[in-house]
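Understanding the architecture of this molecule
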Amino acid sequence: MQHHKILLLGANGQLGHELATALQALGEVKALTRTEADLSQPEALRQSLAHITHSFVPTVMVNAAAYTAVDKAESEPQVAHTVNAASVAVLGELAQTCGAMVLHYSTDYVFDGSGTQPWQETDTPHPLSVYGQSKWAGEQALAQACAKHVVLRTSWVVGTHGGNFLKTMLRLAAERDSLRVVADQVGVPTSTALLGQVTVEIVQALQSADARDPRWGVYHLAAGGETTWHAYAQYVMAGAQARGAVLKAMPETVLPITTAEYPLPAPRPLNSRLNTHKAQQTFGLELPQWQRGVDGILDALFSK
Ligand code: NDP
């Protein structure tokens, strides 16, 4: 197997933290956090990365950094676009110059959530929010800057490191007797462990591919099955209690509400289902049901 040199950005996020370990299966990993690579300053980023890539010379660049504060983005559109699009173009240009491939992540929020069919890569994005727009702009900027790129569009990312819905639900369930959770948005939680493993498999599959290989491009990548935030919260509560957690709220005291009953600055897509056939067929991936990923996180959180 080829020994890669991997430059990872966003190493302190949910996914970045997982990747810092998972990518070691491919070779040497140089993991950068916001301190070493700030995506809100594209020109400074270009200079610092040019300096790093001059001596490190990566074969793979992986971008797990992103402006992910979906509601805050509505009042900070410029920052969101700079981090999620302008700086992604810079990364792509540097990768193109040094011949590295780029792995990048995007979101179900590029779609408007209409209908009930799982979204395919051939469907036209129509983001409802500034965050979704900025991520869609980032996908296009990367494709334009760098031929050897893969964008994995995923959904409802959850891991042991950092903040996420699962941890928020556990915190609230420890404080309150009942919770109200949105039950009309359908999607699937995807664990950082699954994303890390798939990223490694895709790099291996494409390590000898040249710039004209038809496999470069966008893929939908999420765990199997589907659920709602409400059913997901109930599953988390039951799983935590089964592992000995003491909670005030019970699965049956998680009450379903509609999106309209819980207004937020950024609109969310109602249908976040992603059709993952393209990724499965192209790379021969096995994508387990979402419960497996969530179980793994609950095991890790309640192992002590
Ligand atoms: P997190 O919010 O956990 O991590 C994002 C990371 O990006 C953080 O480490 C953060 O740094 C870093 N970051 C933010 N702004 C900057 C900046 N200006 N310069 C450098 N680094 C910055 O996100 P996830 O790990 O959950 O997301 C990974 C990817 O998956 C992203 O591309 C996201 O858009 C996508 N995605 C996420 C979903 C989710 O539910 N979370 C759903 C679908 C897709 P710091 O630690 O210093 O704050």
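Higher on the page you've got the structure.
A brief structural summary. On a predicted model such as this, the values are computed, not experimentally measured, just so you know.

Quick look at the overall build of the protein
Tallying secondary structure elements over the protein gives nine helices and twelve strands in all. Compactness check: the protein gives a C-alpha radius of gyration of 19 Å against a globular reference of 19 Å for 304 residues, within 12% of the reference. Considered along the principal axes of its C-alpha atoms, the protein spans approximately 55 × 40 × 40 Å. Sorting the 304 residues of the protein into buried and exposed places 52% on the buried side. Long-range pairs, those at least 24 residues apart, make up 81% of the contacts in the protein with a sequence separation of at least 6. Put simply, the protein shows about 13400 Å² of open surface, and 51% of that area lies on carbon and sulfur atoms. Charge centroids of the protein, computed over 21 positive and 26 negative side chains, lie 4 Å from each other.

With respect to unusual backbone geometry
Notably, V57 is not glycine yet its phi reads approximately 45 degrees, a positive angle. Within the fold, V57 resides in the loop between α2 (42–56) and β3 (60–63). By relative accessible area, which is 42% here, V57 ends up partly exposed.

Topic: the nonpolar core
Core analysis: the biggest nonpolar cluster contains 63 residues, and V62, L166 and Y232 have the highest contact counts within it. In contact with Y232, not counting residues within four places along its chain, are W156, V158, F165, L166, P189, T227, W290 and V294.

Here we look at the environment of Y235
Examined against the element boundaries, Y235 turns out to sit in helix α7 (residues 229–242). Beyond its immediate sequence surroundings of up to four residues, Y235 is in contact with W290, Q291, V294 and D295.

Things to note about the pattern of salt bridges
With the rule as written, the count across this model stands at nine salt bridges. A salt bridge links R46 to E43; its shortest N-O distance comes to 3.1 Å. Separated by three residues within a single helix, R46 and E43 lie in helix α2, roughly one turn from each other. Put simply, R212 and D210 hold a salt bridge, and the shortest N to O gap is 3.0 Å. Overall, R212 belongs to the exposed group, its relative accessible area being 72%. Shared partners join several salt bridges into a network, and the residues in it are E43, R46 and E93.

A few points about the site of the ligand
Around the ligand, the structure places 23 residues, and the nearest of them are L15, L39, T68, Y131 and K135. Take L39: an N or O atom from its main chain is 2.8 Å from a nitrogen atom of the ligand. Y105 is positioned such that a nitrogen or oxygen atom in its backbone is 3.3 Å from an oxygen atom of the ligand. Surface burial for the ligand is 83%, taken as the share of its 910 Å² of free accessible area covered by protein chains. Breaking the shell around the ligand down by element, the ones donating at least two residues are α1 (14–22), β4 (101–107) and α4 (130–145). Residue composition of the shell around the ligand, by class: eleven nonpolar, nine polar and three charged.

Section: the sheet that holds strand β10 (residues 217–220)
Spatially, β2-β1-β3-β4-β5-β10 is the arrangement adopted by the six strands of the open sheet, whose pairing is parallel. The strands lining the two open edges of the sheet, one partner per strand, are β2 (27–32) and β10. Neighbour to neighbour, the strand axes of the sheet diverge by 20 degrees on average, direction disregarded. As paired elements, strand β5 (residues 149–154) and β10 share four bridges and run parallel to each other. Across the sheet, residue V151 finds its bridge partner in β10, namely V218. Across the sheet, helix α3 (residues 77–98) touches β1 (4–9), β3 and β4, and the angle it forms with β3 is around 175 degrees. Each of β4, β5 and β10 is contacted by α4, which is oriented at about 160 degrees to β4, the strand it contacts most.

Here we look at the layout of surface pockets
Roughly 250 Å³ of volume is contained in the second largest pocket. Around the second largest pocket, the lining comprises 19 residues; the ones closest to its centre are S191, A193, L194, R292 and G293. Elements with a contribution of two residues or more to the lining of the second largest pocket: β9 (190–191), α6 (192–206) and α9 (290–301). Looking at the lining of the second largest pocket, the element that brings in the most residues is α9, giving five residues.

Notes on the packing of aromatic side chains
This model, assessed by the stated rule, comprises ten aromatic pairs. Taking the centre distance of 6.1 Å and the plane angle of 85 degrees together, the rings of Y109 and Y131 count as edge-to-face. On the criterion of sequence distance, the pair formed by Y109 in the loop between β4 and α4 and Y131 in helix α4 is long-range, its members being 22 residues apart. Neither residue differs from the other here; Y109 and Y131 are each classed as buried. A ring pair is formed by W156 and Y232, whose centres lie 6.4 Å apart and whose planes are at 10 degrees; its orientation type is stacked. Of this pair, W156 sits in the loop between β5 and β6 (157–158) while Y232 sits in helix α7; the two residues are 76 residues apart in sequence, bridging distant segments of the chain. Residue classification places W156 among the buried residues on the basis of a relative accessible area of 9%. Taken together, the aromatic side chains of W156, F165, W229, Y232, Y235 and W290 make up a single cluster linked through ring pairs. Here K5 stacks its cationic end above the ring of F56, 4.8 Å away from the centre of that ring. Above the face of the Y219 ring, K278 is positioned so that its terminal group lies 4.2 Å from the ring centre.

The rules we used
- Residues numbered from 1 in each chain as written.
- Predicted model: local features only at pLDDT ≥ 70, side-chain atom pairs only at ≥ 80, totals over all residues.
- Heavy atoms only, no water.
- Helix = DSSP H or I, 4+ residues; strand = E, 2+ residues; numbered from the N terminus.
- Rg over C-alpha atoms; globule rule 2.2 N^0.38 Å.
- Buried < 20%, exposed > 50% of the residue type's maximum accessible area, 1.4 Å probe, protein only.
- Contact = heavy atoms within 4.5 Å.
- Areas by Shrake-Rupley, 256 points an atom, 1.4 Å probe, with all protein chains shown as cover.
- Lys, Arg positive; Asp, Glu negative; His and termini not counted.
- Charge placed at Lys NZ, Arg CZ, Asp CG, Glu CD.
- Core = buried A, V, L, I, M, F, W, Y, C linked by side-chain atoms within 4.5 Å.
- Salt bridge = Lys/Arg side-chain N within 4 Å of Asp/Glu carboxyl O.
- Near = heavy atom within 4 Å.
- Polar contact = N/O pair within 3.5 Å; in protein donor to acceptor, adjacent residues only side chain to side chain.
- Nonpolar A, V, L, I, M, F, W, Y, C, P; charged D, E, K, R; others polar.
- Pairing = 2+ DSSP bridges.
- Axes fitted to C-alpha atoms, helices over the stretch in contact; angles between N-to-C directions.
- 1 Å grid on protein atoms, 1.4 Å probe; cavity = no way out; pocket = protein on both sides within 12 Å on 5 of 7 lines; lining within 4 Å.
- Points joined across faces, edges and corners; volume = space filled by probe spheres on them.
- Phe/Tyr/Trp six-rings, centres within 6.5 Å; stacked < 30°, edge-to-face > 60°.
- Lys NZ or Arg CZ within 6 Å of the ring centre and 35° of its normal.

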